[in-house]
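Residue strings, one per chain:
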There are 2 protein chains.
Amino acid sequence: MNSKDGFQWTEQGGLKQGVPTIGKIQPKSNLSSTDHIFDVIIVGAGYAALTAARDCTTSGLEVLLLEARDRIGGRSWSSNIDGYPFEMGGTWVNWGQSHVWREISRYDMRKELEISQDYSHGVNEFSLMVSGKTSSWTHDKEDAVMESAIKKFVNVDGQYGRLVMPFPHDEGHNPAVLPYDRLSAADRLSQIEDTLSAQEHACLKGFILLCSGSTLDTMSFYEFLHWWALCGYTYSGCIEYLIKYKFRGGQSSFAINFWNEATSTNNLSYSFDCPIATVEDDGRIVFATSEDGRQFRAAKMICTIPLNVLNTIHFSPPLSAVKQQALNIGHLNQCVKVHAEVTDKDLRSWSAIDTSSKLLYALGDGTTPAGNTHIVAFGANETHLDPEKDIVATTQILKDLVDMDIKRLVFHNWSEDKYAKGAWFFPGKEFITVYSEALRARHGNIFFASSDWAVGWRSFIDGAIEEGARGAMDVIRELRIVRHSL
Amino acid sequence: MNSKDGFQWTEQGGLKQGVPTIGKIQPKSNLSSTDHIFDVIIVGAGYAALTAARDCTTSGLEVLLLEARDRIGGRSWSSNIDGYPFEMGGTWVNWGQSHVWREISRYDMRKELEISQDYSHGVNEFSLMVSGKTSSWTHDKEDAVMESAIKKFVNVDGQYGRLVMPFPHDEGHNPAVLPYDRLSAADRLSQIEDTLSAQEHACLKGFILLCSGSTLDTMSFYEFLHWWALCGYTYSGCIEYLIKYKFRGGQSSFAINFWNEATSTNNLSYSFDCPIATVEDDGRIVFATSEDGRQFRAAKMICTIPLNVLNTIHFSPPLSAVKQQALNIGHLNQCVKVHAEVTDKDLRSWSAIDTSSKLLYALGDGTTPAGNTHIVAFGANETHLDPEKDIVATTQILKDLVDMDIKRLVFHNWSEDKYAKGAWFFPGKEFITVYSEALRARHGNIFFASSDWAVGWRSFIDGAIEEGARGAMDVIRELRIVRHSL
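Named according to an unreviewed UniProt entry, chain A is Amine oxidase originating from Rhynchosporium agropyri. The UniProt entry for chain A carries the following comment under Cofactor (unreviewed entry): "FAD".

Right, dumping it as structure tokens:
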């Protein structure tokens, strides 16, 4: 079934909005009336919400899930087209990411992983654009130069960050790390620029913009250090964790397990196409009112609305001043991700960085059943691209990276998506060290759960599951105490 | 409160059996009668059982937990003596171990970790005994020689195992790895012995016996390869995952969270000091009979009894022939772990390998509140030690490693423990590749869950939680279907 989300372009079909996904839920609601007072309303249907819904329903709570879209998955969903999954957002996972891997193991999907890179045939090269000139390297050289550059970038302590951030899941363990949140990536680059070759500079810029989807001037160096620590303080770890292992059947083949388990309890009510406008908490009951005026009630709420969207919701009583401040600042990631299905078999083992392009990082990501190569390309906010606005231009941007014969484009414009307003979380300077606690804080009977303020793999699917579990646990604990005291 | 488990020796008090632990549960039972038919009986109270009990009770099932001992934790528990936790069994954890880390995150214990090694003061040396001569090295040299030796050992494919075992959590992904299960560690050593220096040989032998607690002649090389893959195919990964991060308050401070959550549901009945003798399944009801003749009933059973003990239980109908075969073979790990509290402050940064000693691997593991150094030492089955049988001899074995002034010894003799019959799982040749499936298979209404046959971090706390979650999920799913069909 087609979701309204996403775009597909083919020569024959032209540009079409909406792509098929097994994450589309039909019928869109199983609610007969809005009279019932639920134990908990969960707003959203991404991994945080799915985890919370699964945990709450299996714990016997009566849950109402309200989602603005027509599908589950939030910022991580896949569209299966002609037997091949295109990942519209969050894609890669790793067994070192505890929350997501625990679920992969639990849903017996450990054998469902495949590797994006395939260097067994084809051009087997990395193309780097520096000062208008393209160099073609082996992937081994790509790794060596990239590693050298990133290590200079993160080596603030002579131990490549291990000294200032020894515990990636307790990032402020050594308070000496905190001042690095006052540096942007550009600030840090200026400290080391005399030590970087032009090639290293280009590789590094490409990589950090791939991570942040924002701009060098604005993105927090501290947050990049955190990614680096999570990746085991090595470049090989970055590849292993960030961009290597994905689901053979796509993200939605994973997400659907959470959904099915939650519905199997008979404790899950839901309504899709149901964006929330206002949330009121009278101290006893939380009232959620949809944009079309329906009102829903529950004892508690777990709100998983993304950071960049939260300030469009009216809360009564109002959120704390510091939380509102954080929401008004938001995060910076306006990454654009474009999939191209191309007939060029040789490009399966190609990758490229061209920081002058609106799609600055690209790689061969798979082979379709038709035998075509699947290329994925990323752009950041340095030079923002809305791919659907000029498909000819988008096509040309890809072809400028390398000559390719494009049969299909698939993408989701996260920046123009009013329920996301951006891609995965990436903060500016002095955001996470200032607002983390406020973002994680409850507001009366309302609990907030999102990867955007996870402790560990913040910004990742793993972080969403971490947060969904936290939200559910808080609600379950509190309702259990209430019930025992009755 | 003192458990009956464990031993402590001090000069003043002499040798005493039983040490204090917060893992002791009192009263030992909350059962009023044995009339009730439970949803599920869980046998055991280690991490597999605790996870299963937590998951089943929070899912609304009526659970009866039956445990032979007087405490929770199974082969992982800590004794807090004079304000310092001694880890009697499983100790170290890492955020890359998904199941245990998910729980650490969930129970908000991410800031409770500390690092065993402290090289900031003291002798700062590694002592290696080779051919009757002791060398003293820096820890950097220890790491370099150890890494060089282990890399030779695992490099069966020119890629240090990455080629033959590319997915550590899907270990047989490349079937080319399976023949390595026909090699013992000694077999593999003989293939590379010409490439090893005597020092490398000693380091390697110390390390692999530390991992297996068995003998070079008997232990499976394949299983060591699996450990290596799990540790990220690097020696630094081995240190990070196997022997670095532990709980400030000890393992029992972690385990108690599972217990408290399960009991908070009011769905948990339990009886400690209740070893099970027979298990009968009439196809509808599972009957568990304790050694003292009490009979308990449930629709399902999750049996977490360790591999080496399972063949002491009478099952009716009998277990499959292949499962029985596996139980009769069992695993090999007869590791002994001895803690010494010593006045020598300088030994905090000391470590040692002496493969001619009955305690062949030792290191400074902490500083007690009294300012003493805590040394932990391990022995394997090459030269087995029962520490309590001759305390003077045990003391002398430690002093032969390095001169130390011993104030206290603490240990658990896992080999003599009839509810464990060994330490963590480590198999002989052609065991795991032959019997894994049989060990994981259900038997009618009885599900088996143990770290001893986990898919991922088999032998580890992480594997126990993985398995407990699997067992609970299987039972919950099945009972949910039954109920919906009523």
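Caption draft 1: Summary view of the packing of helix 3 (residues 139–154) of chain B against helix 6 (residues 221–230) of chain B. Residue and element names in this part refer to chain B. Viewed as axis vectors pointing N to C, helix 3 and helix 6 meet at an angle of 125°, and their least axial separation amounts to 11 Å. As the angle between them shows, helix 3 and helix 6 are arranged oblique. Crossing angle aside, the handedness with which helix 3 passes helix 6 is left-handed. Listed contacts from helix 6 to Ile150, Lys151, Phe153 and Val154 of helix 3 are Phe221, Phe224, Leu225 and Trp228.

Caption draft 2: The sheet that holds strand 2 (residues 14–17) of chain B, seen in detail. Residue and element names in this part refer to chain B. Read from one edge to the other, the open sheet built from nine strands follows the order 2-1-20-16-19-18-17-8-9, with strand pairing classed as mixed. One side of each edge strand has no neighbouring strand; the edge strands of this open sheet are strand 2 and strand 9 (133–137). Direction aside, the axes of adjacent strands within the sheet are offset by 20° on average. Relative to strand 19 (residues 373–379), strand 18 (residues 361–367) is paired through six bridges, and the arrangement is antiparallel.

Caption draft 3: Structural context of the sheet that holds strand 20 (residues 406–411) of chain A. All names here are of chain A. Spatially, 2-1-20-16-19-18-17-8-9 is the arrangement adopted by the nine strands of the open sheet, whose pairing is mixed. Two strands close off the open sheet at either side, each with one partner strand: strand 2 (14–17) and strand 9 (133–137). Looking at each pair of strands side by side, their axes are set apart by 20° on average, direction ignored. Bridge analysis of strand 8 (residues 125–130) against strand 17 (residues 350–353) gives four bridges, and the strand direction is parallel. Across the sheet, Leu128 pairs through a bridge with Ile353, a residue of strand 17. The sheet contacts of helix 5 (residues 198–212) involve strand 8, strand 9, strand 17, strand 18 (361–367) and strand 19 (373–379), and relative to strand 8 the element is tilted by about 105°. Across the sheet, helix 11 (residues 391–401) is in contact with strand 1 (7–10), strand 2, strand 8, strand 16 (336–342), strand 17, strand 18, strand 19 and strand 20; its angle to strand 20 comes to roughly 110°.

Caption draft 4: Summary view of the relation of the copies chain B and chain A. Once turned by 180° and shifted 0.0 Å along the axis, chain B lies on chain A with an RMSD of 0.0 Å. In symmetry terms, the pair is related by a two-fold rotation axis. Proximity to the rotation axis, assessed at the C-alpha, singles out Ser98 of chain B in chain B; its C-alpha lies 1.7 Å from the axis. The residues that chain B uses at the interface reappear at the interface of chain A in 97% of cases, marking a shared surface.

Caption draft 5: The side chain of Ser351 of chain A, seen in detail. Mapped onto the secondary structure, Ser351 of chain A falls in strand 17. When sequence neighbours within four positions are dropped, the list of residues in contact with Ser351 of chain A reads Glu125, Phe126, Ser127, His139, Glu142, Ala362 and Leu363 of chain A.

Caption draft 6: Local environment of the interface of chain B and chain A. At the junction of the two partners, chain B supplies 37 residues and chain A supplies 36 residues. Between chain B and chain A, roughly 3200 Å² of surface is buried when both sides are summed, and carbon and sulfur atoms account for 54% of that area. Three residues stand out in chain B for area buried against chain A, namely Trp95, Arg102 and Arg110 of chain B, and they jointly supply 20% of the buried area on that side. Connecting chain B to chain A are two salt bridges.

Caption draft 7: Broad picture of the side chain of Arg69 of chain A. Residue and element names in this part refer to chain A. With respect to the helices, strands and loops of the structure, Arg69 is situated in the loop between strand 4 (63–66) and strand 5 (78–81). Only 3.0 Å separates the side chain of Arg69 from the side chain of Asp5, close enough to count as a polar contact. The residues contacting Arg69, other than those within four sequence positions of it, are Asp5, Gly74, Phe272, Asp273, His412, Trp414, Asp417, Tyr419 and Ala420.

Rules and cut-offs
Residues numbered from 1 in each chain as written. Chains lettered and ligands numbered in written order. Predicted model: local features only at pLDDT ≥ 70, side-chain atom pairs only at ≥ 80, totals over all residues. Heavy atoms only, no water. UniProt positions renumbered as here; feature names shortened; annotations may be inferred. Axes fitted to C-alpha atoms, helices over the stretch in contact; angles between N-to-C directions. Helix = DSSP H or I, 4+ residues; strand = E, 2+ residues; numbered from the N terminus. Parallel < 35°, antiparallel > 145°, perpendicular 65-115°, else oblique. Left-handed = near helix turned anticlockwise from the far one by under 90°. Contact = heavy atoms within 4.5 Å. Pairing = 2+ DSSP bridges. Least-squares fit on C-alpha atoms with pLDDT ≥ 70 in both. Buried area = accessible area lost by both parts, 1.4 Å probe. Salt bridge = Lys/Arg side-chain N within 4 Å of Asp/Glu carboxyl O. Polar contact = N/O pair within 3.5 Å; in protein donor to acceptor, adjacent residues only side chain to side chain.

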